[in-house]
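Working through the structure, step by step
These are the residues of each chain, in order.
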Amino acid sequence: MRAAALIMLKDLRQRVRDRSIFLWGIIAPLGLAAIFSLVLGGITDTQNLDISYGVVDEDGGAQAALFIEEVLEPLNDEGLFTIEPMGSEAEADQRTGDGEVEATFLLPAGFSDAVGAGQPASILVIGNVDSPTFSQVARSIAGQYAGQVNTINASLFTYLALSGEAPDPATLEPLVGEVLAVTPPLTLVDSEAASKQLSAATFYSAAMAILFLFLTVQFGVLGLLEERQNETMRRLLAAPISRRSIIFGKALTSFVIGLASMAILVIGTTLLLGAEWGDPLGVAILVLAGVIAAMGIMFVVTAFAKTPEQAGNLQSIIAFVLAMLGGAFFPVAAEGILGRLSLLTPHAWFLRGLGDLATGSGVEGAFPAALYVALFGIVTGGIAQFRIGRVVRP
Amino acid sequence: MTPDNGRVLEASNLRKVFGDLVAVEDVSFHIGEGETYGLLGPNGAGKTTTISMVIGLLERDGGEVVVAGNPVTTKSTTAKAAIGYVPQDIAIYPDLTARENLSFFGHLYGMGGSDLKRRIDELLEVIGLADRADDRSEEFSGGMKRRLNIGIGLLHGPRLLMLDEPTVGVDPQSRNAILESVERLSGEGMAVLYTTHYMEEAERLCDRVGIIDEGQIKAEGTRAELVSLVGQRDKVSLVTADHAQEVAEALASHPDVVEVSGNESGIDLLVSGAAAALPALLQLAAGAGASVTSVEVVEPNLEAVFLHLTGKALRD
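This report concerns the structure included in the present document.

The rules behind the values
- Residues numbered from 1 in each chain as written.
- Chains lettered and ligands numbered in written order.
- Predicted model: local features only at pLDDT ≥ 70, side-chain atom pairs only at ≥ 80, totals over all residues.
- Heavy atoms only, no water.
- Pairing = 2+ DSSP bridges.
- Helix = DSSP H or I, 4+ residues; strand = E, 2+ residues; numbered from the N terminus.
- Contact = heavy atoms within 4.5 Å.
- Axes fitted to C-alpha atoms, helices over the stretch in contact; angles between N-to-C directions.
- Buried < 20%, exposed > 50% of the residue type's maximum accessible area, 1.4 Å probe, protein only.
- Salt bridge = Lys/Arg side-chain N within 4 Å of Asp/Glu carboxyl O.
- Phe/Tyr/Trp six-rings, centres within 6.5 Å; stacked < 30°, edge-to-face > 60°.
- Lys NZ or Arg CZ within 6 Å of the ring centre and 35° of its normal.
- Right-handed = clockwise from strand over helix to strand, strands pointing away.

1. Re the sheet that holds strand 1 (residues 7-18) of chain B
Residue and element names in this part refer to chain B. Spatially, four strands are ordered 2-1-4-5 in an open sheet, and the strand pairing comes out antiparallel. Each edge of the open sheet is held by one strand with a lone partner, namely strand 2 (21-32) and strand 5 (70-71). The pairing of strand 1 with strand 2 spans eight bridges and is antiparallel. Counterpart to R7 in the pairing with strand 2 is G32. Where helix 1 (residues 47-55) meets the sheet, its contacts fall on strand 1, strand 2 and strand 4 (62-67), and the angle it forms with strand 1 comes to roughly 120°.

2. Considerations on the environment of L154 of chain B
Residue and element names in this part refer to chain B. On the secondary structure map, L154 appears in helix 5 (residues 142-154). With relative accessibility at 6%, the residue L154 sits in the buried group. L154 sits 66 residues away from E220 along the chain, and the two C-alpha atoms are 27 Å apart. When residues no more than four places from it in sequence are discounted, the contact partners of L154 are R119, L123, L161, L185 and M190.

3. Some thoughts on the pattern of salt bridges
Opposite charge on two side chains lets them pair, provided their charged atoms get close. Following the criterion strictly, the structure yields 27 salt bridges over all chains and no others. Between E226 of chain A and R15 of chain A there is a salt bridge, with the nearest N and O atoms lying 2.7 Å from each other. Here E226 of chain A, found in helix 11 (residues 223-229), pairs with R15 of chain A, found in helix 1 (residues 2-18); they are 211 residues apart in sequence, far enough to count as distant. A relative accessible area of 25% places E226 of chain A in the partly exposed class. The buried category is assigned to R15 of chain A, whose relative accessible area is 11%. One salt bridge in this structure joins R15 of chain B and E25 of chain B, with 2.7 Å as the shortest N-O distance. Here R15 of chain B is found in strand 1, whereas its partner E25 of chain B is found in strand 2, with 10 residues between them in sequence. Ionic contacts of the salt-bridge type, sharing partners, join the residues K10, D11, E227 and K250 of chain A into one network.

4. Considerations on the packing of aromatic side chains
Under the criterion given, the structure shown has 14 aromatic pairs over all chains. Measuring from ring centre to ring centre gives 6.1 Å for F36 of chain A and F329 of chain A, while their planes differ by 65°; the resulting arrangement is edge-to-face. In this pair, F36 of chain A sits in helix 2 (residues 20-44) while F329 of chain A sits in the loop between helix 15 (308-325) and helix 16 (336-342), placing the two residues 293 residues apart along the sequence. On the basis of relative accessibility, which here comes to 18%, the residue F36 of chain A falls in the buried class. The buried category is assigned to F329 of chain A, whose relative accessible area is 12%. Seen from their ring centres, F320 of chain A and F329 of chain A are 6.2 Å apart, and the 10° between their planes marks the pair as stacked. Here the aromatic residues F36, F203, Y204, F320 and F329 of chain A are joined through ring pairs into a cluster of three or more. For K10 of chain A, the ring lying beneath its charged end belongs to F104 of chain B, and the centroid distance is 5.4 Å. Across the ring face of W349 of chain A, the terminal group of R352 of chain A is positioned such that the distance to the ring centre comes to 5.1 Å.

5. Quick word on the sheet that holds strand 2 (residues 82-86) of chain A
Residues and elements named next belong to chain A. Spatial ordering of the open sheet is given by 2-1-3-4, a layout of four strands whose pairing is mixed. Strand pairing shows two members of the sheet lacking a second neighbour, strand 2 and strand 4 (124-127), which therefore form its edges. Averaged over neighbouring strand pairs, the angle between their axes works out to 25° when direction is ignored. As judged from the four bridges shared by strand 3 (residues 103-107) and strand 4, these two strands associate in the antiparallel manner. Residue pairing across strands places T104 opposite I126, the latter belonging to strand 4. Lying over the sheet, helix 6 (residues 132-162) contacts strand 1 (52-57), strand 3 and strand 4, oriented at roughly 175° with respect to strand 4.

6. Quick look at the pairing of strand 1 of chain A
All names here are of chain A. By the criterion of burial, strand 1 is predominantly enclosed, with five of the six residues buried. Across five bridges, the pairing between strand 1 and strand 2 is parallel. Residue V55 lies in a different strand from strand 2, and its bridge partner there is P85. Note on the crossover from strand 1 through helix 3 (residues 62-78) to strand 2: the handedness is right-handed. The pairing of strand 1 with strand 3 spans five bridges and is parallel. Directly across from D57, in strand 3, lies its bridge partner L107.

Below is the structure:
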């Protein structure tokens, strides 16, 4: 243990001296988290946005009123965006073009009659060219509504055809209206998954921290290969210490660097970016598990690589692939092969664990995710132990 | 130089195999207190493999090593504590200062506190780095790094010092300083195992030499013992102005002259005991009418012994 501690202290001195540890362990993840939060935060963090849509009712009929009351106003009430009524298409063109609203829904005259008669009807969407994303959102809302109306119409026409009745617009219109009123055509349910979403600052702080953790731990374990390359491994092996203490010393270095880096990032992103990591004990458990996982992978890479350069490159590739698969850069769909692959990564579980903590689940909420992340490290590290001996030799 | 005093190192029947290659086979030798033992052989002869087994860096496939009464294995710590090791390549941490390098290895050998500090200061003086003690070793010249490399091996006051080709790639001045250090340490009672492929170093430093080639010790003994293997025949070169043929015939008649051959400027003789026979030889040359302008006597050396034992030159 004494020898391992001596090796760790020597390594830490070297790492602090060459300063790369500060770049990889603190500056890069903090900087990237800040950049991602600023650039992408607006898209993912809707509560911080001021989104407005316009609506022009040139129809004045029951169907148009239904669209406004059952579709747009509930979304308005949810606080997702603001609805601003406008008087005419010209006003809509003007205000949308000026950027006062992201897009405007235009319900043309005859819209309700057409819907009631089963005739072609359309909702126009006037989009602001500078706001393509939210214009697209408006089109999706209109499209969802149109699809719902078409489905109801098709059902009614089928029913009338089967019962041998001729479709009568006077009968159909109120029926369509009633069905739409009974079944809200477009609803936004605040699902459990959605409630676990982290704020942009928290998400990118955590994502960059776990990504770079897999890079910073190499400053310890990778030292085994560096000692061989520098011939100092011969001296360590000649010294009256056990080979296991050499490996343990390097592992300690990785552990301390990983833990320190994560601690600084948690505190730094909380203070500088406003990240909300959740219950401190839960975060500590997740961070500990993350460090173990990163060390496990690093041991595998070191055990199989021939040179420190090769190991460093390999570790970088693995770190980025795992981060991407784990959704550290962009959300990964929960279903399908990609979704299943994502759940194999410690990154996905780390972020999931933080999500659980963010919902206020308390420290026990972090346990399942932390257990998987730690197990990942224990298994990979265990595999590496069968080969790591080949590195600790002259 | 007391080879028969308590043996600090006893290596017997060492064997190491790498795949199909037998790197070391049946190597045995011992070193006493104050004795310097040289392993002399060309590159690839098995010197570093032997030394690696002796210090417990490599698992042996056969044989035993005992240092200061303790068996050496890759796991032994007591025996290793008695050994100071200077690897062939410079093995220091370039981003640490000379003092930090020494301090780290000192702690690994169980030293600490004021004893370690005092020892480091002493050693920095010995290796001539006292004024650069707090400079990073990456800023040192090659010679300074070599000295630090040796200093680390000496730090804990080992009973046995192993130097693996410590002068390879070293400038003449630093090389001489290293050789003087080894002579001084041996004089102070330290047992030294010194591997080299430089015949001159082995002759200068070593009380006994093991000539190693293809993983086997071909012969072992003091310089005189080894030289006796090829016979005590000195090479005498005479530079003569004229009458070379007559002189050669006259010298060949001397009973101590084994062989006579001509060269561009005179005659080469192989003589048993040149020192004693030289006056008579010069008299014979003068009698044959030659004026001898230069005489050179070369005693047989380890190079000749190696050639005799292996059929190849030491630097092949």
